[in-house]
Amino acid sequence: MNFEFSEDQLFIREQARNFLSQECSADVVRSVLDTDVAYHEPLWQKIVDLGWTAMALPEAHGGLGLGYLELCVVAQELGRALAPVPFSSSVYLASEAIKTWGSQAQQEHYLPRLAAGELIGTLAHSEGLGADAVASSVTGDVINGTKLPVPDGGSAHFALVTANDTDGELCLYLVDLQQDGVHRQTLQTLDPSRGHASITMHNATAQALGNGSVGAPALAELLDRAAVLLAFEQLGGCEAAMESGIAYTKERYAFGRPVASFQAIKHKFADMFVALELARANAYYGACALACDAPDLPLAAATARVSAGDAYYYISKENIQAHGGMGFTWEFDCHLYYRRAQLLSSTIGTQHQWKQHVATRLLQAA
Amino acid sequence: MDFEDTPELAAFRREARAWLDANAERRTDNLHMGMEGEAAHLEGKAWYKKKADAGFACLTWPKEYGGAGLTSLHDVVWAQEVQNYRTRDAQFVIGIGNCGPAIMHFAPEETRRELLPRMASAEDVWCQLFSEPSAGSDVAGLRTRAERDGDNWKLNGQKIWTSGALYSDFGVVLTRTDPTVSKYKGLTLFMIDMRQPGVEVRPIKQMDGGQHFNEVFFHDAVVPDHYRLGEVGGGWTGALTVLMSERLAISGVQPTGFPQFLDMVRSLELNGEPVANDPIVRDRLATWYSQYAGLQSANKRMITAVAKGGIAGAEASLGKLVGAVMNQEIANFCCQLFGQAGIIQEAQFSPQRAHFQDSVLFSPGVRLAGGTDEVMRNIIAEQVLGLPQEPRADKGMAFKDIPTGPS
Ligand SMILES: Cc1cc2nc3c(=O)[nH]c(=O)nc-3n(C[C@H](O)[C@H](O)[C@H](O)COP(=O)(O)OP(=O)(O)OC[C@H]3O[C@@H](n4cnc5c(N)ncnc54)[C@H](O)[C@@H]3O)c2cc1C
């Protein structure tokens, strides 16, 4: 048993951290937050140039052929830097799905372009309030339906869309978002540093992913893998938020002493640390299960997700509290973490849904 | 990162499993073994002796001290295997887990060879004598005096909350040797023979009705100088070794209540419906599982770090803090779930043989023993996160001048 990243992986993490601290300052995040752009194009281009979009794709399709563990450490740093780029949509969801279930022709078409950042893909699954009921439908190669919110739905070139086939079976389809039958509208969300849109498909053209029978089990597997990677993004955000709170309260004085010396504040940080370390441990276990394709990946992934979501919410809200009035300003970054925590614990399914997965999977386990 | 055993560890696992199959009974539930007091003590001793004879005691200790000279990863494998059997494996964790490492570090070689093998096989059982009526969280405020008497030391004073003292042959005792210097500087750590006229042990009845802990009185109790652990006046360093080892030792065996909760959820029906279908139960199950699984993995990370030559830091406080709180919350939740009959504390009427009712009454002690929740948070905040210390009212004072409450 070995429960730590390798030297090489830790080196990648360090490089990613250095790169992002240079190239993804809070100003970069805010340039997306404060304007109508859907993502930060120069940063995205540099990320592509570094090869991160190609990392976990096979060499035969223009990838670097590295594993999930390398992707995990990069995810952690993207989360820490609150990177305003469509990485999760394009890499954890679109690329993963095509790599795993796409036909030979689809892999040849999409993967090299995804690796090179020429194409951005996403997953369009949610159809509005409530759980995951899908009303979108496909007949032949014609798709109709509305999806919202779609992460990066405004900027992605294509989406992987869930819809029912003529037998009423849920299947995954590839839909070009630039075609006439697709109408997209930008949505304001709790985290405007990441673009979201609604997508309406009216007699648009769709192509089944793979052999046409890629359905609910594949979707579940795809989301499990993404859950581990997103848990690492959440982990990175937790670390950054907590560090900022510690730095601030050490410098801020009240009653003649640093705010960080008050026990109520110290214990708050101790509880944040506990939540963070539990989330980290679960994320590591999830990474391990992902990398070895272990049979308990579904439970490990759901656990990592629940743990990271709980931790990020707790840390980001108490970080605002520890900052006092400053924490409530637009100017301070506390709200950026708080917003991202909200987004990440909802995208690919809410905490509530993932808790149900944990319960179900745990009770099924022998 | 991987879950795999190395070939050596895989072989050890097979060996351990074969031996356990031949020498212990497999578990069918996660309930405690029942039986208290002397009977449990004797059964525990017999088990340790058997383990030691077969070479499975104190796996990480050097062979000359009664151990097996193996790695902390072997320890993990053993813990994973032994948990499937009904054994009293963690019974003497105070001596072996807390006191053992300090003795190995501070005692003279001859004393180590004399005492450690007997500890490893539970021929001698040990207790930890730190807390006093006026010194618990602030343990460095203790008052038990040790005075030099030729080649010996003479101890006078009182300890309290000493777990297992009644059945202990030896103890590690923290004393004050100089009240004129600051409280941390005037302490000295010793080993003491508990079976002597100058040591009097009186059991204390706990709020749950049990009697694990005791008061211990010293009346001119005698300690030879070669039982001193570390320098005169250097007792605090030794005490910290004991306390850190304690957190590490209990972080693996800390009760969380989760396995029993899961067993209950899997098996119980209420009003003709499996409780596993209750949405509130499912929500709690997911939340507690994510904490429980987190502790397990955090422990694996700590072990990975130790196996690579690092040291376990104050992070070990995590398991203590999370596990103890969860244990109490689960117990309370279950008693509510069971309806009005949830208050019945009788094995035949209460699911999991009244485990949850027992835990309602025992769990408050777990949040105190080995450092309270609040002290754990202080340790994390100050030692792990580097936040400034509390202003202290006793800073820089000689021990004898420190204010105390009315007593
Ligand atoms: C079941 C059990 C077994 C035990 N076994 C042993 C044993 O074998 N050997 C041994 O030496 N001791 C043992 N103890 C004693 C245990 O270590 C102490 O009870 C514990 O450290 C608390 O000390 P105290 O009881 O004096 O409480 P106090 O220190 O008086 O604490 C009272 C309250 O004040 C809080 N408090 C104190 N200081 C601070 C602070 N700085 N910041 C915030 N809050 C603070 C505490 O958290 C607690 O809530 C045992 C206790 C129990 C319950």
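Quick caveat: nothing in here was measured; it's all calculated off a predicted structure.

### A few points about the overall build of chain B
Secondary structure summary: chain B contains 11 helices and 10 strands in total. A compact globule built from 407 residues should have a C-alpha radius of gyration of about 22 Å, and chain B, at 22 Å, falls within 12% of that. Along the first, second and third principal axes, the C-alpha set of chain B runs to 70 × 50 × 45 Å. Put simply, chain B has 407 residues, and 49% of those count as buried. Partitioning the contacts of chain B with sequence separation of at least 6, the portion at a separation of at least 24 is 74%. With 41 positive and 51 negative side-chain charges, chain B shows a separation of 2 Å between the mean positions of the two kinds.

### Describing the overall build of chain A
Scanning chain A from N- to C-terminus turns up 11 helices and nine strands. Taken over C-alpha atoms, the radius of gyration comes to 20 Å for chain A, in line with the 21 Å a tight globule of 366 residues would show. With the C-alpha coordinates aligned to their principal axes, the bounding extent of chain A is approximately 75 × 50 × 40 Å. When the 23 basic and 40 acidic side-chain charges of chain A are each reduced to a single mean position, those positions are 10 Å apart.

### Some words on the interface of chain A and chain B
Of the residues lining the interface, 47 residues belong to chain A; the matching set on chain B comes to 47 residues. Of all residues in chain A, Met1, Lys266 and Leu363 of chain A bury the most surface against chain B, accounting for 19% of the area lost on that side. Linking chain A with chain B are five salt bridges, by the criterion used here. For the salt bridge of Lys266 of chain A with Glu382 of chain B, the shortest nitrogen-to-oxygen distance reads 2.5 Å. Split into classes, the residues belonging to the side of chain A that touches chain B amount to 30 nonpolar, nine polar and eight charged.

### Brief notes about the packing of helix H8 (residues 279-307) of chain B against helix H9 (residues 317-337) of chain B
All names here are of chain B. Taken N-terminus to C-terminus, the directions of H8 and H9 make an angle of 160 degrees; their axes are 11 Å apart at the nearest point. By the angle between their axes, H8 is roughly antiparallel relative to H9. Pair H8 / H9 crosses with left-handed handedness. Here H8 contributes Ile280, Val281, Arg284, Trp288, Gln291, Tyr292, Leu295 and Ala298 to the contact with H9, which in turn contributes Leu318, Gly319, Val322, Gly323, Met326, Glu329, Ile330, Phe333 and Leu337. For the contact of H8 with H9, a count of residues per class yields 12 nonpolar, three polar and two charged.

### Observations regarding the site of the ligand
Residues and elements named next belong to chain B. Around the ligand sit 17 residues in total, of which Ser137, Trp161, Ser163, Thr372 and Glu374 are the nearest. With respect to the ligand, the side chain of Ser131 contributes an N or O atom lying 2.8 Å from a nitrogen atom. The separation between a nitrogen atom of the ligand and a polar side-chain atom of Ser163 is 2.8 Å. Against a free-state accessible area of 970 Å², the protein chains account for coverage of 67% of the ligand. Of all the secondary-structure elements, those providing two or more residues to the shell around the ligand are strand E3 (152-163) and helix H11 (373-384). Counting residues per element, the shell around the ligand draws most heavily on E3, at three residues. Here the shell around the ligand is built from residues that sort into five nonpolar, 11 polar and one charged. Shared between two domains, the shell around the ligand holds at least three residues of each, these being domain 2 (126-238) and domain 3 (254-384).

### Describing the domain arrangement of chain A
Residue and element names in this part refer to chain A. Taken domain by domain, chain A holds domain 1 (7-115), domain 2 (121-208) and domain 3 (216-365). Summarising the inter-unit geometry, the C-alpha centres of domain 2 and domain 3 are found 28 Å apart. The interface is formed by 15 residues belonging to domain 2 together with 10 residues belonging to domain 3. For the pair domain 2 and domain 3, the summed buried surface comes to about 1000 Å²; carbon and sulfur atoms form 65% of the total. The largest contributions to the domain 2 side of the interface with domain 3 come from Leu170, Leu190 and Asp191, which together make up 40% of the buried area. Across the pair Asp191 and Arg340 runs a salt bridge whose closest N-O atoms are separated by 2.6 Å. Our count for the domain 2 to domain 3 interface comes out at three residue pairs in polar contact (both at pLDDT 80 or more). Along the lines of polarity and charge, the residues of the side of domain 2 that touches domain 3 split into eight nonpolar, four polar and three charged.

Parameters at a glance
- Residues numbered from 1 in each chain as written.
- Chains lettered and ligands numbered in written order.
- Predicted model: local features only at pLDDT ≥ 70, side-chain atom pairs only at ≥ 80, totals over all residues.
- Heavy atoms only, no water.
- Helix = DSSP H or I, 4+ residues; strand = E, 2+ residues; numbered from the N terminus.
- Rg over C-alpha atoms; globule rule 2.2 N^0.38 Å.
- Buried < 20%, exposed > 50% of the residue type's maximum accessible area, 1.4 Å probe, protein only.
- Contact = heavy atoms within 4.5 Å.
- Lys, Arg positive; Asp, Glu negative; His and termini not counted.
- Charge placed at Lys NZ, Arg CZ, Asp CG, Glu CD.
- Buried area = accessible area lost by both parts, 1.4 Å probe.
- Salt bridge = Lys/Arg side-chain N within 4 Å of Asp/Glu carboxyl O.
- Nonpolar A, V, L, I, M, F, W, Y, C, P; charged D, E, K, R; others polar.
- Axes fitted to C-alpha atoms, helices over the stretch in contact; angles between N-to-C directions.
- Parallel < 35°, antiparallel > 145°, perpendicular 65-115°, else oblique.
- Left-handed = near helix turned anticlockwise from the far one by under 90°.
- Near = heavy atom within 4 Å.
- Polar contact = N/O pair within 3.5 Å; in protein donor to acceptor, adjacent residues only side chain to side chain.
- Areas by Shrake-Rupley, 256 points an atom, 1.4 Å probe, with all protein chains shown as cover.
- Domains from an automatic or database assignment.

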